[in-house]
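Summary of structural features
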Amino acid sequence: MAGHAAEVLPNTDVRCVITTGIADFHGVLNRTVLSLGARFAIGAAPTIPGAITWREIFAGRDLPPHQPVPRDRDDLALLQYTGGTTGRAKGAEITHGNLIANLHQILPVFTTAGIDEGDETFLSVLPLYHIYAFCLNMMVGMNTRSMVTTGIMGIVTMKDMAIITMSKKVFMIASGM
């Protein structure tokens, strides 16, 4: 995708690009293995000139100063990429209004289930870049001030088990289980 983005960026009003990859969400060992595996399988990823990486954001180094931007419900919040099952992967435009409407639809279900704000742990066995996990685990988890932990490709790790063991209540939302 980065190669395509680099081609079209000069024709857009985009001022800042943040890049990430699946390896960015793992510890040093897994990140190294995933990065080397991807490089071996598909070659070096194209770069976007001037882009900031996900890891640089959290390291807090050499970033431009934050400038709040006025936004409206109809403004673009994110691009959610499809899996490409019907051809090339496509970025679906998700607005701030889409995200708010989705939360208004989902939250009553969790309220009925007895969610306690700040006391919950969400175990997400699907990756958060999957729209189902993004909406149900991350968005609801953040909205209810809960902890969200993710298994690696559906596998619950020792870290996940430690978090679950220390948690009062755990919500696990998974598709097809």
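Heads up: these notes are all about the structure in this document. Everything numeric in this text was worked out from a predicted model, so none of it was measured.

A few words now on the nonpolar core. If you look at the biggest cluster of nonpolar residues, it comprises 13 residues, and the most contacted ones within it are L99, I106, F110, F134, M139 and V140. Elements that contribute at least two residues to this core include exactly α4 (96–112) and α5 (131–143). With five residues, the top contributor of residues to this core is α5. Contact partners of M139, with chain neighbours within four places excluded, come to L99, N102, L103 and F134.

Attention now moves to the layout of surface pockets. Take a probe with the size of a water molecule and roll it over the atoms, and the empty space left behind shows itself. As a volume, the second largest pocket reaches approximately 160 Å³. As for the second largest pocket, its lining consists of A77, L78, L99, L103, F134, M138, M139, M142 and N143. The leading source of residues in the lining of the second largest pocket is α5, at five residues. The residue inventory of the lining of the second largest pocket, partitioned by class, reads eight nonpolar, one polar and no charged.

Procedures and definitions
Residues numbered from 1 in each chain as written. Predicted model: local features only at pLDDT ≥ 70, side-chain atom pairs only at ≥ 80, totals over all residues. Heavy atoms only, no water. Core = buried A, V, L, I, M, F, W, Y, C linked by side-chain atoms within 4.5 Å. Buried < 20%, exposed > 50% of the residue type's maximum accessible area, 1.4 Å probe, protein only. Helix = DSSP H or I, 4+ residues; strand = E, 2+ residues; numbered from the N terminus. Contact = heavy atoms within 4.5 Å. 1 Å grid on protein atoms, 1.4 Å probe; cavity = no way out; pocket = protein on both sides within 12 Å on 5 of 7 lines; lining within 4 Å. Points joined across faces, edges and corners; volume = space filled by probe spheres on them. Nonpolar A, V, L, I, M, F, W, Y, C, P; charged D, E, K, R; others polar.

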